Amino acid sequence: MELKYKILDLKQGQTKDGKVYHKVSIYANWSTNILDCFVTQDVFDLIQNGTINDENIGEYVVFKFINGKIYLSINIK
């Protein structure tokens, strides 16, 4: 099965303790849930300006299965 992704939402905000966060919500064809991934400012900017998009995000997504849970990250190579 080919892994496909769709970027659904980008959001940045501030936590109660004043730290800035950047969150990307992604649909993945291998998951029944919408996946939320917290990313760095650099990754957020690349998604926002279209450098990372629905067609190529699979090249940047890394996921691991640890103790029955899925951990997803988006990394700049």
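Residues numbered from 1 in each chain as written. Predicted model: local features only at pLDDT ≥ 70, side-chain atom pairs only at ≥ 80, totals over all residues. Heavy atoms only, no water.

1. Details of a nonpolar patch on the surface
Inference 1: A cluster of nonpolar residues, Leu8, Tyr27 and Ile34, forms a patch on the protein surface that exposes about 280 Å² of accessible area.
Inference 2: Tracing the sequence through the fold places Tyr27 in strand 2 (residues 20–28).
Inference 3: For Tyr27, a relative accessible area of 38% corresponds to the partly exposed category. (Patch = residues over 30% accessible without salt bridge, like charges linked within 9 Å, V, L, I, M, F, W, Y side chains within 5 Å. Areas by Shrake-Rupley, 256 points an atom, 1.4 Å probe, with all protein chains shown as cover. Salt bridge = Lys/Arg side-chain N within 4 Å of Asp/Glu carboxyl O. Helix = DSSP H or I, 4+ residues; strand = E, 2+ residues; numbered from the N terminus. Buried < 20%, exposed > 50% of the residue type's maximum accessible area, 1.4 Å probe, protein only.)

2. Considerations on the sheet that holds strand 1 (residues 5–14)
Inference 1: Within the open sheet, the three strands sit side by side as 1-2-3. Their pairing is antiparallel. Looking at strand neighbours, the two that pair on one side only are strand 1 and strand 3 (35–38), the edges of this open sheet. Ignoring strand direction, the axes of neighbouring strands in this sheet form an average angle of 25°.
Inference 2: Bridge analysis of strand 1 against strand 2 gives nine bridges, and the strand direction is antiparallel. Of the residues in strand 2, the one forming a bridge with Gly13 is Tyr21. (Pairing = 2+ DSSP bridges. Axes fitted to C-alpha atoms, helices over the stretch in contact; angles between N-to-C directions.)

3. Looking at the environment of Met1
Inference 1: Mapping Met1 onto the fold places it in the segment before strand 1.
Inference 2: C-alpha separation for the pair Met1 and Trp30, spaced 29 residues apart in sequence, amounts to 8.6 Å.
Inference 3: Here Met1 is in contact with Asn29 and Trp30, once residues within four sequence places are set aside. (Contact = heavy atoms within 4.5 Å.)

4. Topic: the side chain of His22
Inference 1: Following the sequence through the fold, His22 ends up in strand 2.
Inference 2: Engagement of the side chain of His22 in a polar contact is seen with the side chain of Gln41, the distance being 2.6 Å.
Inference 3: For His22, the residues in contact, after removing those within four places along its chain, are Lys11, Gln12, Cys37, Phe38, Val39, Thr40, Gln41 and Phe44. (Polar contact = N/O pair within 3.5 Å; in protein donor to acceptor, adjacent residues only side chain to side chain.)

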